[in-house]
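A structural walkthrough
Here are the chains, one letter per residue:
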Amino acid sequence: MKIRWLSPFVRRLALREWLMLFISLLALALALGWQNGLGRLDQSLYDFFVSIDSKPVRDDIIIVAIDDYSLSQLGRWPWSRNVHADLINKLNKAKPRAIGLDVILSETEPPQADGSRPGDKKLTAALMQSGRAVLPVVMTNAGRGLTIGLPIPEFADAAHALGHINLEHDTDGVVRSVFLYEGQDGKAWPHFAAALLETGENIQYAGAAAPSIKTTTSSSIDTVQRGDQIYIPFDGSIGHFQSVPYVSVLRGEVADEFFTNKYVLVGATALGMADSYPTPVSGNSGAMPGIEINAHVLASLLDGDTIHIAAPWQTALFNAIPVFIALLGYLLLSPRLSLFATGIWMILTLTVSYISLRLGLWIAPAASIIVLIISYPLWSWRRLEAAITYLGQEFTRLDKEPHLLPEEMAAAPETEMADVLEQRITAMKNAARRVRDLRQFVSDNLDNLPDATLVTSIEGRVLLANKHANDYYRSIGFDHVLGASIFDLLSQLKTPQPVDLAANLSFDWPELLDLDRAEALSNGISAQDHNGRDLLVKSSPCYSAANLLTGWIISVLDISTIRAAERSRDETLRFLSHDMRAPQASILALLELQNEVSSALPQSELFARIEKASRKTLGLADNFVQLARAESHEYRLEEVDFQDLLFDATDEMWSLAKSRHITVVMEIAEGEYPVKVDRTLMTRALTNLLSNAINYSPDHTSIICSVWSQQEGDQSYVMCRIRDHGYGIAEADQSKLFHRFQRVDLPNQPRHDGVGLGLVFVKTVIERHQGDISFSSQVGDGTTFTLTLPYCHGV
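Here the focus is unusual backbone geometry. Looking along the chain, the bond that leaves W77 and enters P78 is cis, with omega of 0°. Here P78 shows up in the loop between helix 3 (68-74) and helix 4 (81-94). Positive phi, normally seen in glycine, also occurs at H700, with a value near 60°. Tracing the chain through its elements places H700 in the loop between helix 23 (679-695) and strand 26 (702-712). On the basis of relative accessible area, H700 is assigned to the exposed category, the value being 62%.

Laid out in structure tokens, this is it:
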């Protein structure tokens, strides 16, 4: 939490309480972590992590299952030793790597009438012939003592190895681990899976040699040695390994090659055999048979992939680190970021714990998760206590200050009998009401300002904006002005130039919003937005009661109308001073020359020149007046057929086209083309286009006028294309085409009188009728103008 805004007293209080919370929660994390697991919570996390980490099934481990089908075929359990001997003999032919017979053989077979036990003899022979069989050792609590259940001596001597099949049950009854060596009174046996590995690989398992036994539990009766505990990295859920029914192997229904060079585990999977246990991967599938658990242990030993539990100091340190960083973040970060960081550290803690488990080391993460969960509410509570203390002081102080607005003088006084809580509530209510009133007062005044106005912080973040500012920035794509950077908003304006400074000076907006450069913005900066609107940006600094800079007031004035009027005035003055004046000056010069006999022109030539100059003046004046009318707001609209307008313009230009031997071809699709236009202005616009097409085309060519209708969505349009086969317009000059007083002339083509107002007039008329004009041109290939006008459905 950032606490620099608090008073010194409250700041010291917050730091002291943070330190107390820091020490206590860190100690709690260390203490809980030293427990090396918090019971069911960490066990559930462990089970979840193990269950989501499935692996491909090994094809060298086969389970021969004593399942319900085999029991139904061979009869009730237990089966005769002859049956087991036949199975071993069947498997011996396949030459497996090792055979694990997970069947209790600690008692001899009942003797026959002559006292012989042929089943035991046959099984002993089969085991000796195999030379790769492993039999189980069971350690059970019988009465008051621990009993070791060994196979009968004949079987033990015939087997290649013995292995214990004990499983370690955690406090919740789930099997998660085994001891690779267990024994009693100095005699220890490897685990059943380790014995299979030693048999199959002809090695002694390096991680579980008898001398490594290091865990001893004692009672008054027995001494049990256990060593090399590993947690089982289950490769999958129940039924993960390849399995075949016992009776199918016995009948020869499984090919010998299926078992060749593989580990074969024979054991019970039938539901009634009572040899199933809950595991982390059992889930809703029920308990996992013991023979499958042994297969998982064997697979982990073959892969060298076992899980060990971290030491208590490792778990304590692991759980303390995220708590330490999270508590440090509470002091340095904002509440929102602190909460976000707490969640991130919880996720990272679980992620690291999972990755560590994948690498073979289980570090219980529940201690840090619990401390992180309780740390943020505790810190928030203490932070709020400090904040409430501070706010209570400030509300009381604010309530004693003079009222800024006259109506606030009517506030109800505090009652003398009110307790401290009620006094704080009253002070807060008064302060909140005063803030709301003052905010409303400022907002109303700000909104009523005629120009777009924004109030920013020192860093340039917009704190207040009136409706004109919101409307303006919404029109250029900024939907959220409040909180935005004023520099981002002003960066939408192009080429800022101080009104009262030289034109070659330019500034960055951050530089201008600086006290040393504030004069430039106080006088105004002329700029232009992407929509072509001319703007004047002004700024004034805001100061606090202590005369400290608190922010800026930025005004954005739309001076597009003023700038347009200025440009129109300049163009008019230039037009009057040059284009309109030049023909009159020519007439006066002719008249002065006529006074001299030596320079006098024949009367016919004099009148012809005066007529030409006068007609040019009249044409210029007419063009200027027509453009002014086109730009006016008063149009006399009427519904007419666009064909009639085009025919009127064509008739007016007939004589000019005839004199140049130019043919005007009409290509009008069948139908009516009603439009709502000012007939005079639209006809004049079409006349201008045809006049240009005739003037800038060689003799004996043609001009094609096409009219058709076009549908775009729900709107219909009248389309007109006027195409000539004239000289065309160079690409470099095409950008000048619709600008005032811009003429386009190409070498080797006739020059015509004009001042560049004709196409400006056409564009203005078309756009004032909600239409559009475009063109395409190529030097030597002519020019094509395309007009688009909305279809009038009223005709």
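Under the criterion given, the structure shown has 17 salt bridges. Here D305 ties to K55 by a salt bridge, and the two come within 1.9 Å at their closest N and O atoms. You can see D305 sitting in the loop between helix 9 (290-303) and strand 15 (308-309) and its partner K55 sitting in the loop between helix 2 (40-51) and strand 1 (61-66), a full 250 residues away along the chain. Residues D699 and R660 are paired through a salt bridge, measuring 2.5 Å at the closest nitrogen-oxygen approach. Taken as a pair, D699 in the loop between helix 23 and strand 26 and R660 in the loop between helix 22 (654-659) and strand 24 (663-668) lie far apart in primary sequence, 39 residues in all. Look at R660 and you get buried, because its relative accessible area is 16%.

Here we come to the packing of helix 21 (residues 642-652) against helix 23. As a packed pair, helix 21 and helix 23 sit with axes 9 Å apart at the nearest point and diverge in direction by 50°. In terms of orientation, helix 21 lies oblique with respect to helix 23. Helix-helix and strand crossings are classified by hand; for helix 21 and helix 23 the assignment is right-handed. Between helix 21 and helix 23, the residues in contact are F642, D644, L645, L646, D648, A649, T650 and E652 and R679, M682, T683, L686, T687 and L690, respectively. Of the residues contributing to the contact of helix 21 with helix 23, the split by class is seven nonpolar, three polar and four charged.

So, on to the sheet that holds strand 29 (residues 782-790). On the basis of which strands lie adjacent, the open sheet formed by five strands has the order 24-26-27-29-28 and mixed pairing. Bordering the open sheet on either side are strand 24 and strand 28 (772-778), each of which pairs with just one other strand. The sheet shows a mean angle of 15° between the axes of neighbouring strands, direction not considered. In the sheet, strand 26 pairs with strand 27 (residues 715-723) via nine bridges, with the strands oriented antiparallel. Residue pairing in the sheet places S706 in a bridge with R721 of strand 27. Sheet contacts for helix 21: strand 24, strand 26, strand 27 and strand 29; angle to strand 24, the most-contacted strand, approximately 175°.

Here the focus is a nonpolar patch on the surface. There is a patch of nonpolar side chains on the surface, built from W34, W313, L317, I321, F324, I325, L328 and L332 and spanning about 800 Å² of accessible area. Looking at which element gives the most residues to the nonpolar patch, the answer is helix 10 (residues 312-332), with seven residues. Looking at the secondary structure, you find F324 in helix 10. Since its relative accessible area comes to 39%, F324 is described here as partly exposed.

Our focus in this paragraph is the pairing of strand 2 (residues 98-101). Residues in a regular strand point their side chains to alternate faces of the sheet. Neither face of strand 2 is open: one carries A98 and G100, the other I99 and L101, and all of them are buried. Bridge count between strand 2 and strand 12 (residues 263-268): four bridges; the pairing is parallel. Each bridged residue has a counterpart across the sheet, and for I99 the counterpart in strand 12 is V264.

Right, let's talk about the pairing of strand 7 (residues 175-184) for a bit. Counted residue by residue, strand 7 has ten buried out of ten residues, so it is predominantly covered. Sheet topology note: the strand 6 (residues 168-169)/strand 7 ladder contains two bridges and is antiparallel. Residue H169 lies in a different strand from strand 7, and its bridge partner there is V175. Examined bridge by bridge, strand 7 and strand 8 (residues 187-190) share four bridges and lie antiparallel to one another. Within strand 8, the position partnered with E182 by the bridge is W189. Counting the residues that bridge the hairpin from strand 7 to strand 8 gives two residues, and of these D185 lies at a positive phi of roughly 55°.

Criteria and cut-off values
- Residues numbered from 1 in each chain as written.
- Predicted model: local features only at pLDDT ≥ 70, side-chain atom pairs only at ≥ 80, totals over all residues.
- Heavy atoms only, no water.
- Helix = DSSP H or I, 4+ residues; strand = E, 2+ residues; numbered from the N terminus.
- Buried < 20%, exposed > 50% of the residue type's maximum accessible area, 1.4 Å probe, protein only.
- Salt bridge = Lys/Arg side-chain N within 4 Å of Asp/Glu carboxyl O.
- Axes fitted to C-alpha atoms, helices over the stretch in contact; angles between N-to-C directions.
- Parallel < 35°, antiparallel > 145°, perpendicular 65-115°, else oblique.
- Left-handed = near helix turned anticlockwise from the far one by under 90°.
- Contact = heavy atoms within 4.5 Å.
- Nonpolar A, V, L, I, M, F, W, Y, C, P; charged D, E, K, R; others polar.
- Pairing = 2+ DSSP bridges.
- Patch = residues over 30% accessible without salt bridge, like charges linked within 9 Å, V, L, I, M, F, W, Y side chains within 5 Å.
- Areas by Shrake-Rupley, 256 points an atom, 1.4 Å probe, with all protein chains shown as cover.

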